[in-house]
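Tertiary structure, described
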Amino acid sequence: MEYKQRSVNCGQLRQADAGKTVVLNGWVHRIRNHGGIQFINLRDRYGITQVVVGEDAPQAVKELAEDLHMEYCIAIEGKVIARPDSMINPNMLTGEIEVEALEIQILSTSEVIPFVIDQESDAKEDTRLRYRYLDLRSQGMQERIKLRHEFIRSIRNFLSGRDFYEIETPTLIRSTPEGARDFLVPSRLQAGKFYALPQSPQLLKQILMVSGFDKYFQIARCYRDEDARGDRQLEFTQLDLEMSFVKRDDVLSLMEDLFVEVFKEVMDYTLPSTFRRLTWDEALNTYGLDKPDLRYDLHLVDVEEVVKKSSFGTFKTILEEGGSIKGIKAPFSEELHYTRKYITALEEAAKVYGAKGLAWMKVGPNRTLDGGISKFFEGVEEEVITLFDANEGDMLLFVGDAWKVTCASLGAVRIKLGKDLNLANPKEFVFCWIIDFPLFEFNEDEGHWEAAHHMFSMPQAQYLETLEEDPGSVKGDLYDLVLNGYEVASGSIRIHDVDLQKKIFKICNIEEKEAEERFGFLLNAFRYGPPPHGGIAPGIDRMVMIMSGQSSIKEVIAFPKNSAGISPMDDSPSPVDQEQLDELHLCIKE
RNA sequence: GGGGGCGUAGCGAAGCUGGUUAUCGCGACGGCCUGUCACGCCGUAGAUCGCGGGUUCGAGUCCCGUCGCUCUCGCCA
């Protein structure tokens, strides 16, 4: 079809363009028909331009204009007119001008759309995903997809400038069933055998280090067959990165430099040149979780000493049994009243993470304690108040339980308070490092130790001697990067010593034969002069989500899946033909 | 697998303790309108109230079951 191709886009024209004859291509965003005069807002990726069809317009244009409907794709040829001052629309990029239509071509028509394209679609997520092609037309989605592009481009620029090579690794790889569940791909050529989609390019990038590509990165798609969450999809994108001859701090400072530059470039946001570091122990003890939102300070307080002096038997028993008692101060608030109902809501948040209850007391006038469990603290009020740096109207909340439960429960209370008290500035971005993670955790169900992160992370030097005797105490050269309460990157210095690697396998209850089967190719590579190396992998989707102020990763992925792993647009996953199954040597179990 | 929330017209919502013909906005359709920019005004159509069963004289509303969506715990090296 012959049609007029655009000479300008819909976000471009200004007063200075007045008088020009232009062609615009775009979608009919809104029509305002006043009888004698008609306004058409024409939209494309770049903006919206007002087109006028007035009394003087050619008859053919007037007739065609009457036929237009929302989301028709059209071409307009017209003359740029400067609007008189009184008609300038300051809310539009192109509000200084309008285009007087001389010719209109309908490039394609649209059926009645299921929801109106607006700044943000107000349709339910399910509907938005079914008609994702329409949802993506909204300004909000367009902006987020653009931000994502610029974020990735800026990362590529920075790393290329630092001598990194971007190297692709296969997405059909060997299944190594640790960690998350693998997505499997049946092999046609090798009957009964399967590829797996990578949970991350972990082993391949380590092998690239053995190959001498000492600075590698990749914008890598990763696949984990686990239940989705607001910040988790079946497939997601990581900046996968690895370097040789580096120590932990080299990786951390590279990331700091990277994000300082990228945030400046794509957000015009100035980050500090280094990020705060918390050890894993500190993070849990102080904030209750390993991904604290440090935009606000609200922290947990260890109250074991004062509990010992109190008469609160329940808590004392917990201490005697090796548990942990902590508290948090909910600061006095004009807006939020600490009613019974609200305390119950906080308690519910704590219970999700295993707390049996949430004890409380109020700080009264003249440094007194009221209500709740305050009667058990007679005589030590001053100590409690000092400990929390509390003032009248503050509420003190306590959990006593196993250390992890206490931390996690109060961490959840902290997050709820932060949300309800609006403590976090949505325009602020606060990074921090969590370092010194434990290398192993004990799997109660299976009765053996397993890697807390993955099995290729280096134990810290001072634990090398006692590795096997006391795995629980071993800290690894592991680090997470946290942004506004989300884990946005995770990495470690890797093991590059075959014997040490075998020792780790053994602690994780993996027999030599089994290790050989699964990771033999890595161990083989390690026989030929592997360099010391380490890396990290920031999650692209999560970071763009946070940067764009969203709380769901789906808002920054063009075609995401829903929480059941279904793509409502193309209705995948879908059944396949018997023929396909036969070729793959598969049969479906009823 | 567990817990919370939701499901009413194409879309988004209201519908309190059960009670006539299920309401509103957007959108659609018809009409009027020469300066709007979320245009305005008049009118019209459009709903097996997710589905199945039950209680009742009477169910969108109550009960049981079921399906779907969503958030979340578990899970996510």
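Just so it is clear, the model here is predicted, and its values are computed rather than measured. (Residues numbered from 1 in each chain as written. Chains lettered and ligands numbered in written order. Predicted model: local features only at pLDDT ≥ 70, side-chain atom pairs only at ≥ 80, totals over all residues. Heavy atoms only, no water.)

Take the sheet that holds strand S11 (residues 276-279) next. Spatially, the eight strands line up as an open sheet ordered S6-S9-S10-S22-S21-S20-S17-S11, and their pairing is mixed. A strand with exactly one partner marks an edge of an open sheet, and here the two such strands are strand S6 (165-166) and S11. Pairing between S6 and strand S9 (residues 215-223): two bridges, direction parallel. Of the residues in S9, the one forming a bridge with tyrosine 165 is tyrosine 216. Running at roughly 25 degrees to strand S10 (residues 235-244), helix H5 (residues 202-210) makes contact with S9, S10 and strand S22 (533-538) of the sheet. Against the sheet, helix H6 (residues 248-267) makes contact with S10, S11, strand S17 (431-435), strand S20 (478-483), strand S21 (486-493) and S22, and its axis sits at roughly 165 degrees relative to S17, the strand it touches most. (Pairing = 2+ DSSP bridges. Helix = DSSP H or I, 4+ residues; strand = E, 2+ residues; numbered from the N terminus. Contact = heavy atoms within 4.5 Å. Axes fitted to C-alpha atoms, helices over the stretch in contact; angles between N-to-C directions.)

Attention now goes to the packing of aromatic side chains. Considering all chains together, one arrives at 23 aromatic pairs under this definition. Pairing phenylalanine 388 with phenylalanine 398 gives two aromatic rings, centres 5.6 Å apart and planes at 90 degrees, and the pair type is edge-to-face. Of the two residues, phenylalanine 388 is situated in helix H11 (residues 381-388) and phenylalanine 398 in strand S16 (residues 395-401); the sequence distance between them amounts to ten residues. Three or more aromatic residues joined by ring pairs make a cluster, and in this case those are Phe151, Phe259, Phe263, Tyr269, Phe275, Phe429, Phe431, Trp433 and Tyr479. (Phe/Tyr/Trp six-rings, centres within 6.5 Å; stacked < 30°, edge-to-face > 60°.)

What follows concerns H5. Considered for burial, the residues of H5 that qualify are Gln202, Leu203, Lys205, Gln206, Leu208 and Met209. In this structure, the buried side of H5 is in contact with S9, S10, helix H14 (512-525) and S22. Positioned one or two residues after H5, glycine 212 has a phi angle of 95 degrees, which is positive. (Buried < 20%, exposed > 50% of the residue type's maximum accessible area, 1.4 Å probe, protein only.)

Moving on to the nonpolar core. Phe259, Phe263 and Phe431 are the most contacted members of the largest nonpolar core, which has 82 residues in total. Examining the composition of this core, we find that nine residues originate from one element, H6, more than from any other. The residues touching phenylalanine 431, leaving out its near neighbours within four places in the chain, are Phe259, Phe263, Leu271, Phe275, Arg276, Leu481, Val482, Leu483, Val488 and Met543. (Core = buried A, V, L, I, M, F, W, Y, C linked by side-chain atoms within 4.5 Å.)

Relative to the assigned elements, alanine 412 resides in helix H12 (residues 403-420). Measuring from C-alpha to C-alpha, the distance between alanine 412 and alanine 350 comes to 5.9 Å, with 62 residues separating the pair along the chain. In this structure, alanine 412 is in contact with Ala349 and Tyr353, ignoring residues within four places of it in sequence.

Here we take up the state of the cysteines. This structure, assessed with the given rule, holds zero disulfides. Cysteine 432 takes part in no disulfide bond, and the closest cysteine sulfur to it belongs to cysteine 407, at a distance of 16 Å. What makes cysteine 432 buried here is its relative accessible area of 1%. (Disulfide = S-S within 2.5 Å.)

Within the structure, RNA strand B sits among 48 residues, and Asn33, Gly179, His453, His454 and Ser563 are positioned closest to it. Side-chain polar atom of arginine 229 to a base oxygen of RNA strand B: 2.8 Å apart, as the coordinates give it. Arginine 232 is positioned such that a nitrogen or oxygen atom in its side chain is 2.7 Å from a base oxygen of RNA strand B. Broken down by secondary-structure element, the contributors of at least two residues to the surface near RNA strand B are strand S1 (21-33), strand S2 (38-44) and helix H2 (125-130). Class assignment for the residues of the surface near RNA strand B results in 16 nonpolar, 17 polar and 15 charged. (Near = heavy atom within 4 Å. Polar contact = N/O pair within 3.5 Å; in protein donor to acceptor, adjacent residues only side chain to side chain. Nonpolar A, V, L, I, M, F, W, Y, C, P; charged D, E, K, R; others polar.)

This next bit is on the domain arrangement of chain A. Domain parsing of chain A yields domain 1 (15-108), domain 2 (141-278 + 432-556) and domain 3 (296-423). Placing a centre on the C-alpha atoms of domain 1 and another on those of domain 3 gives a separation of 62 Å. (Domains from an automatic or database assignment.)

Take the environment of proline 177 next. With respect to the helices and strands, proline 177 occurs in the loop between S6 and strand S7 (183-186). In the structure, proline 177 is positioned 16 residues away from lysine 193 in sequence and 14 Å away in space, judged by C-alpha atoms. Discounting chain neighbours no more than four positions away, the residues touching proline 177 are Asp182 and Arg518.

All right, on to the pattern of salt bridges then. According to the stated counting rule, one finds 37 salt bridges in the structure shown. A salt bridge links arginine 156 to glutamate 166; the nearest nitrogen and oxygen atoms lie 2.7 Å apart. In this pair, arginine 156 is assigned in helix H4 (residues 139-161) and glutamate 166 in strand S6, connecting sequence segments ten residues apart. Here arginine 156 falls in the partly exposed class, since its relative accessible area comes to 33%. Residue glutamate 166 is classed as partly exposed on the basis of its relative accessible area, which comes to 37%. Residue glutamate 226 is joined to arginine 181 by a salt bridge in which the shortest nitrogen-to-oxygen separation is 3.5 Å. Placement of the pair is glutamate 226 in the loop between S9 and S10 and arginine 181 in the loop between S6 and S7, with a sequence separation of 45 residues. By sharing partners, the salt bridges in this structure join Glu120, Arg128, Arg132, Asp135, Arg144 and Glu555 into a single network. (Salt bridge = Lys/Arg side-chain N within 4 Å of Asp/Glu carboxyl O.)

Attention shifts here to unusual backbone geometry. The omega torsion of the bond from serine 572 to proline 573 falls at 0 degrees, within 30 degrees of zero and hence cis. Inspection of the secondary structure assignment puts proline 573 in the loop between helix H15 (540-547) and helix H16 (578-583). Unlike most non-glycine residues, arginine 367 shows phi in positive territory, near 55 degrees.

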